[in-house]
Amino acid sequence: MTRPTVTVYTRTGCHLCDEAIAIVEEVAAGRARIELVDIDGDPALFDRYTIRVPVVAVDGVEIADYQIAREQLESALAGHARERPL
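Residues numbered from 1 in each chain as written. Predicted model: local features only at pLDDT ≥ 70, side-chain atom pairs only at ≥ 80, totals over all residues. Heavy atoms only, no water.

In this section: the pattern of salt bridges. On inspection of all chains with the given rule, the structure shows seven salt bridges. The partner of aspartate 40 in a salt bridge is arginine 11, with the nearest N and O atoms 2.7 Å apart. In this pair, aspartate 40 is assigned in the loop between β2 (33-38) and α2 (43-49) and arginine 11 in the loop between β1 (5-10) and α1 (15-28), connecting sequence segments 29 residues apart. The exposure class of aspartate 40 is partly exposed, given its relative accessible area of 41%. Among the salt bridges present, the one from arginine 70 reaches glutamate 26, with a minimum N-O distance of 3.0 Å. Highlighted residues: arginine 70 in helix α3 (residues 70-83) and glutamate 26 in helix α1, separated in sequence by 44 residues. Among the charged side chains, a network of salt bridges with common partners joins Arg48, Arg52, Glu62 and Asp65. (Salt bridge = Lys/Arg side-chain N within 4 Å of Asp/Glu carboxyl O. Helix = DSSP H or I, 4+ residues; strand = E, 2+ residues; numbered from the N terminus. Buried < 20%, exposed > 50% of the residue type's maximum accessible area, 1.4 Å probe, protein only.)

Let us look at the environment of glutamate 25. Positionally, glutamate 25 belongs in helix α1. Classification of glutamate 25 as partly exposed rests on a relative accessible area of 42%.

To continue, consider the sheet that holds β2. Pairing in this open sheet of four strands is mixed, and the strands run β2-β1-β3-β4 from one edge to the other. The open sheet has two edge strands, β2 and β4 (61-65), and neither has a second partner. With strand direction ignored, the average angle separating the axes of adjacent strands in the sheet is 20 degrees. Inspection of the sheet shows β1 paired to strand β3 (residues 55-58) by four bridges, in the antiparallel sense. Across the sheet, the residue bridging to tyrosine 9 is valine 55, located in β3. This element, α1, spans β1, β2 and β3 of the sheet and lies at about 170 degrees to β1. (Pairing = 2+ DSSP bridges. Axes fitted to C-alpha atoms, helices over the stretch in contact; angles between N-to-C directions. Contact = heavy atoms within 4.5 Å.)

This next bit is on the pairing of β2. Look at any regular strand and the pattern is simple: side chains alternate between the two faces of the sheet. Where β1 meets β2, six bridges bridge the pair, whose relative direction is parallel. Residue pairing across strands places threonine 10 opposite aspartate 38, the latter belonging to β2. Regarding the hand of the β-α-β motif, the stretch spanning β1, α1 and β2 is right-handed. (Right-handed = clockwise from strand over helix to strand, strands pointing away.)

See below:
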C-alpha cells in the first residue's frame, strides 16, 4: 500500500501553522509522507491561501484550514487506508 501525502500549506511567522505542523508530525509520522509548502514562495498559492493558512490536505484533498484537530487527521488517514484495496 502506498502511503498518503499530508500537505500543510503554511507561511513564516504563522503560529497556527506551527500548531498544525506539530499535530501533523505527531499523527502522521510513519503513516504518511509529510510535505510543508510555504505559500509565500509561489504567487498562485499565495493568492489561493493568503489568509486561510494553515491548510492541511491529504492526497490533495483539503481537510482543514486555520486549525486541525488530531481526530480530523486520524479520520482522514483511516479513510485513506479503507479506500485502498489490499
